[in-house]
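# Summary of structural features
Chain by chain, the residues:
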Amino acid sequence: MDPVTIIMLIGGIALGLIAGVLARRYIFESRLESLDKISKKIVEDAHKEAKTIKKEADLQSKDLLYQMKQEFEQETRQTRESLLEQERSLLQKEATLEKQVELSLAKENNLERRQHQIQEEERAVAEKASKYDELLSNCQVELERVAGMTATQAKESLLKALEEEAKHEAAKTIRRIEMEANETADHKAKEILALAVKRYAGDYVAEKTVSVVHLPSEEMKGRIIGREGRNIRALEAATGVDLIVDDTPEAVILSGFNPIRREVARQALVTLINDGRIHPARIEEVVNKVEADIEVEIKEEGQAAAFDVGVHGIHPELIKLIGKLKYRTSYAQNVLQHSIEVAFLCGIMASELRLNVKQAKRAGLLHDIGKAVDHEIEGPHALIGADLCRKYGETEKIIQAVAAHHEDIPADSVLTALVQASDTLSGARPGARREMLESYVKRLQDLENIATSFPGVEKSYAIQAGREVRIIVESNKINDDQASMISRDVAKKVEEEMMYPGQIKITVIRETRAVSYAK
């Protein structure tokens, strides 16, 4: 390539470079100018926006200031009103306190005046009391002179008169209370007892204290006695019963304290007589067999009694003791029949009073259970029976009723009262019990003697087989209220000094008679 071309080429390149540089400079300057304009515009916009924000901030601050001002004014107004209200309340309280202070002062002044008056009155009363004491002393001296007795004697006389008046008033009160109670309680009690007697009609067979065995012939007495008395001694030794062979025709008497032993001896003797073989070995064999039969019979009797009454769950040992009561008597009354009768009476009265009928029957059946062993154990049969019931798992109510039916311990339940009433009713009904003539007459005499031992009693009569005592008092010495007191005192003395079955009614009669004659 020639140099000119190269130079021209180099010159073209240089021109191109220069033109590029110039062009770039132009573009750069244009951009600078454009950026300047943009920056100016941004600054102007920023100034405008800043002014706008400033205006808005000023407006918001003014609004906030206004609101705060309003709230402050409202709070200030409320506070002012509250303070004004408190001020008015304080003023009212102050006025009230001033009034109270004035009233207190007035009351204090009144109290001072009243105290002064009271002191004056006390001085006047003291002066009068001094004068009255002097007058009373003078009057007492004058009264003692006129009456002829000292103050102590007059006081004793007055106390005696007051005591008599108090007794009279007490007797009137007691009589009135008894009359009011009898109008309801006595009628209801009689109604229940009458219903119980009417609904239960029990059979009764009197038992004797000795047993009599009838013989087919007089020759049998010799066979019973045996050679040199060996048969009778063997029988007495095996049974524990005395055999009395006397002049009674065709009869042998068995005597023994234990009724079961006596029954064993009776049945054994009857068996021996029927069998015809009477000798010591045979006697012992028959007695053992009869004892076993009696044990079975006792158990069956106890079970039958419990079944008839409707009582279940009794301990087997108590069942045996109930059966033993068949061979025990009290005042010639069979104790087993008596216990069954008491059980039925208790049940009837319990049903009328809406009480537990089964519990009442159970207590009635077991109330005399102690009599089955009281000849073996010391103590009252009621307490013995209670111990047996406790031993064989009876409830506390049953135990208490059994123990208290003769008041050996205090009664504390209606069930005990039912057993007591039924026991008395069963023993007191006509024909239930029998007594010896001598003891019967002595009891009547003792009743009449107790009744006539009280002052003012004119006559006394024991009637209705000793179940009632009628006392006639002197009407000029005893008034109606004193008659009521005499009946109570006689009943109490009879309870303390006598032993008797059932209950005794004490009737005091006071009458006033006016007699005149027409001529």
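Residues numbered from 1 in each chain as written. Predicted model: local features only at pLDDT ≥ 70, side-chain atom pairs only at ≥ 80, totals over all residues. Heavy atoms only, no water.

All right, on to the overall build of the protein chain then. A count of helical and extended segments in the protein chain gives 14 helices and eight strands. Residues counted as buried form 28% of the 519 residues belonging to the protein chain. About 35,500 Å² of surface is accessible on the protein chain, with carbon and sulfur atoms providing 55% of the total. (Helix = DSSP H or I, 4+ residues; strand = E, 2+ residues; numbered from the N terminus. Buried < 20%, exposed > 50% of the residue type's maximum accessible area, 1.4 Å probe, protein only. Areas by Shrake-Rupley, 256 points an atom, 1.4 Å probe, with all protein chains shown as cover.)

We now examine the pairing of strand S3 (residues 251–255). Regular strands have side chains that alternate between both faces of the sheet. When strand S2 (residues 242–244) meets S3, the two strands line up antiparallel, connected through three bridges. Looking across to S3, one finds that Leu-243 is bridged to Leu-254. Between S2 and the antiparallel strand that follows it, S3, lie six residues; Glu-250 among them carries a positive phi value of about 50°. (Pairing = 2+ DSSP bridges.)

For Glu-228, which is not glycine, the phi torsion reads 55° and is therefore positive. Note that Glu-228 resides in the loop between helix H3 (219–225) and helix H4 (230–239). Residue Glu-228 is classed as exposed on the basis of its relative accessible area of 71%. In this structure, Arg-354 takes a positive phi of about 60° despite not being glycine. Tracing the backbone through its elements, the reader meets Arg-354 in the loop between helix H8 (335–352) and helix H9 (357–366). With a relative accessible area of 76%, Arg-354 lands in the exposed category.

Now for the side chain of Thr-416. With respect to the helices and strands, Thr-416 occurs in helix H12 (residues 414–428). Overall, Thr-416 belongs to the buried group, its relative accessible area being 0%. Each residue touching Thr-416, except ones within four places of it in the same chain, is listed here: Gln-400, Ala-401, Ala-404 and Ala-411. (Contact = heavy atoms within 4.5 Å.)

The strand order across the open sheet built from three strands is S6-S7-S8, with neighbouring strands paired in mixed fashion. In this open sheet, the two strands that pair with only one neighbour each are strand S6 (457–463) and strand S8 (505–509). Averaged over all pairs of adjacent strands, the angle between their axes in this sheet comes to 20°, without regard to strand direction. Taken together, the five bridges between strand S7 (residues 468–473) and S8 define a ladder with parallel strand orientation. Across the sheet, residue Ile-471 finds its bridge partner in S8, namely Val-508. Here helix H14 (residues 480–497) sits on the sheet and contacts S7 and S8; the angle it forms with S8, its principal contact strand, is near 150°. (Axes fitted to C-alpha atoms, helices over the stretch in contact; angles between N-to-C directions.)

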